[in-house]
Amino acid sequence: MTKDGQDVSAVTFTNHYQAKSVVVSDPPIEKTVIGQPIMPAAFSFVMTATNPAFPMSTGSVNGEKTMTRIGIGRVEFGDITFTETSTYTYVLQEKNLATPGYAYDQRSYLITYEVTDKDGQLTVTRTI
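Conventions we followed
Residues numbered from 1 in each chain as written. Predicted model: local features only at pLDDT ≥ 70, side-chain atom pairs only at ≥ 80, totals over all residues. Heavy atoms only, no water. Helix = DSSP H or I, 4+ residues; strand = E, 2+ residues; numbered from the N terminus. Buried < 20%, exposed > 50% of the residue type's maximum accessible area, 1.4 Å probe, protein only. Contact = heavy atoms within 4.5 Å. Pairing = 2+ DSSP bridges. Axes fitted to C-alpha atoms, helices over the stretch in contact; angles between N-to-C directions. Polar contact = N/O pair within 3.5 Å; in protein donor to acceptor, adjacent residues only side chain to side chain.

For the rest of this paragraph, the subject is the environment of Ser108. You can see Ser108 is positioned in strand E10 (residues 108–118). Of the residues examined, Ser108 reaches a relative accessible area of 45% and is grouped as partly exposed. With 101 residues separating them in the primary sequence, Ser108 and Asp7 have C-alpha atoms 62 Å apart. Here Ser108 is in contact with Val91, Leu92 and Gln93, once residues within four sequence places are set aside.

Following this line, the structure appears as structure tokens:
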């Protein structure tokens, strides 16, 4: 038996399996301010992948994305597309911009996405 002019002893067929990807919206961040500021201030938030190779939303650089908003309200980092099963972790924090009169929230939040394959479709479980 020959293949492409070469003698071979067996025939090999190779298949590739790829579950359908899943897109998730990151959890929105709600910014509140206690007190009565005269002028709204800028607030920045950073989402960092614990591994720079993890999927991130559009506009991220080296596993990190910063979003800024003026005053109170919501901030969203965008959609993340997962194409492989795994556990992905990210850290969300507020940047201290040192604006006079403001004390910044120093908490950080760990977000875990557990991506699994269910009948050819990736599914996600998110915990914060």
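Before going further, it helps to examine unusual backbone geometry. The phi angle of most residues is negative, glycine excepted, and most peptide bonds adopt the trans form. Notably, Asn62 is not glycine yet its phi reads approximately 50°, a positive angle. Mapped onto the secondary structure, Asn62 falls in the loop between strand E5 (42–49) and strand E6 (64–70). Despite not being glycine, Asp119 shows a phi value in the positive range, around 55°. Here Asp119 lies in the loop between E10 and strand E11 (121–127).

With that out of the way, let us pick up the sheet that holds E6. In spatial order, the strands read E6-E5-E9-E10-E11; together these 5 strands make up an open sheet with antiparallel pairing. Edge positions in the sheet fall to E6 and E11, since each has one partner strand and no second. Neighbour-to-neighbour, the strand axes of this sheet turn through a mean angle of 20°, independent of strand direction. With 7 bridges connecting them, E5 and E6 associate as antiparallel partners. Following the sheet pairing, Val46 is matched in E6 by Thr66.

Mapped onto the elements of the fold, Asn51 is located in the loop between E5 and E6. With relative accessibility at 32%, the residue Asn51 sits in the partly exposed group. Once the C-alpha coordinates of Asn51 and Gly63 are considered, the two residues, 12 residues apart in sequence, prove to be 7.0 Å apart. A polar atom in the side chain of Asn51 sits 2.8 Å from the backbone nitrogen of Ala53.

Glancing now at the pairing of E10. Examined bridge by bridge, strand E9 (residues 86–94) and E10 share 8 bridges and lie antiparallel to one another. Across the sheet, residue Tyr90 finds its bridge partner in E10, namely Ile111. Judged from the 7 bridges that link them, E10 and E11 form a sheet pairing that is antiparallel. Residue pairing for E11: Glu114 is matched across the bridge by Thr125. Linking E10 to E11, which pair antiparallel, is a turn of 2 residues; within it Asp119 sits at a positive phi near 55°.

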